[in-house]
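Letter by letter, the chains look like this.
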Amino acid sequence: MVNEQDSTEPAFEQLVGQLDYPMFVVTTRASDRLSGCLVGFASQASINPSRFFVGLSKKNHTFGVAQDAEYLAVHVLAREHVDLARFFGSETGDEIDKFQQCQWHEGPHGLPILDDAAAWFVGRIVRRIDAGDHLGVLMEPFDGATTPAAAEELVSFSDVKDLEPGHDA
Ligand SMILES: Cc1cc2nc3c(=O)[nH]c(=O)nc-3n(C[C@H](O)[C@H](O)[C@H](O)COP(=O)(O)O)c2cc1C
């Protein structure tokens, strides 16, 4: 006999594996510690007030720094910079300093802003939610910039789904 609850799980996993959602590089800073990783679990969560949700894996270096951080920066990348997205998704700050191997500058509150981003915004962390193996971080966006490249094809899940993540989820 098929257990109803079990039978819904593969359908859900199948569905989310088929969706082609946008990918983001999320960076953060806690005093002089910088971190950042590739993120697919992210979405606008409210219009008024403006809110954006980010899911950070508890195993990631970025999670550890975000625990002590007040702000996050969220970047989208044009497909021509897919290698940068892949770098942030396949390397871990536990082993290398990613910010020595990419171009960035300090943005609001000293947050690392990637020079090659097509667009980015920063937000204050207003709530942390234990979401299971990920931490849900709710942000209040307050600053950012966009370029004409943001109208180009942006990096999405299908561009990076073959990656071996720097950390297992
Ligand atoms: C397709 C894909 C989606 C990912 N989505 C997330 C995500 O939503 N949240 C997250 O914390 N890590 C996600 N990761 C994993 C991290 O980007 C990856 O483990 C990274 O190397 C962690 O870096 P860090 O340890 O320096 O934080 C994803 C990786 C891939 C390949």
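See the structure printed just above.
To keep things clear, this report deals only with the structure shown in the data block.

1. Thoughts on the site of the ligand
Here comes step 1: The full set close to the ligand counts 27 residues, and S57, T62, E91, T92 and G93 are the nearest of them.
Here comes step 2: Here an oxygen atom of the ligand and a backbone polar atom of F41 are 2.9 Å apart.
Here comes step 3: G93 is positioned such that a nitrogen or oxygen atom in its backbone is 2.7 Å from an oxygen atom of the ligand.
Here comes step 4: In the complex, the protein chains occlude 93% of the 650 Å² of accessible area that the ligand would expose alone.
Here comes step 5: Contributing elements (two or more residues each) for the shell around the ligand: β2 (33-39), β4 (51-57), α2 (61-67), α3 (82-90) and α4 (157-160).
Here comes step 6: Take the shell around the ligand: its biggest share by element is 4 residues, from β2.

2. A closer look at the nonpolar core
In a soluble, globular protein the nonpolar side chains are often hidden away together inside.
Here comes step 1: Counting residues in hydrophobic clusters, the biggest one holds 20 residues, and the most contacted among them are V54 and L72.
Here comes step 2: Looking at this core, the elements that each hand over two or more residues are β1 (24-30), β2, β4, α2, β5 (71-76), β8 (119-130) and β9 (134-146).
Here comes step 3: Non-local contacts of L72, meaning those with residues more than four positions away in its chain, are made with V26, T27, T28, V54, A66, L111, F121, V122, G123, I125, V137 and M139.
Here comes step 4: Core analysis: the next-biggest nonpolar cluster, separate from the first, contains 18 residues, L77, L84, C102 and L114 among them.

Conventions we followed
Residues numbered from 1 in each chain as written. Predicted model: local features only at pLDDT ≥ 70, side-chain atom pairs only at ≥ 80, totals over all residues. Heavy atoms only, no water. Near = heavy atom within 4 Å. Polar contact = N/O pair within 3.5 Å; in protein donor to acceptor, adjacent residues only side chain to side chain. Areas by Shrake-Rupley, 256 points an atom, 1.4 Å probe, with all protein chains shown as cover. Helix = DSSP H or I, 4+ residues; strand = E, 2+ residues; numbered from the N terminus. Core = buried A, V, L, I, M, F, W, Y, C linked by side-chain atoms within 4.5 Å. Buried < 20%, exposed > 50% of the residue type's maximum accessible area, 1.4 Å probe, protein only. Contact = heavy atoms within 4.5 Å.

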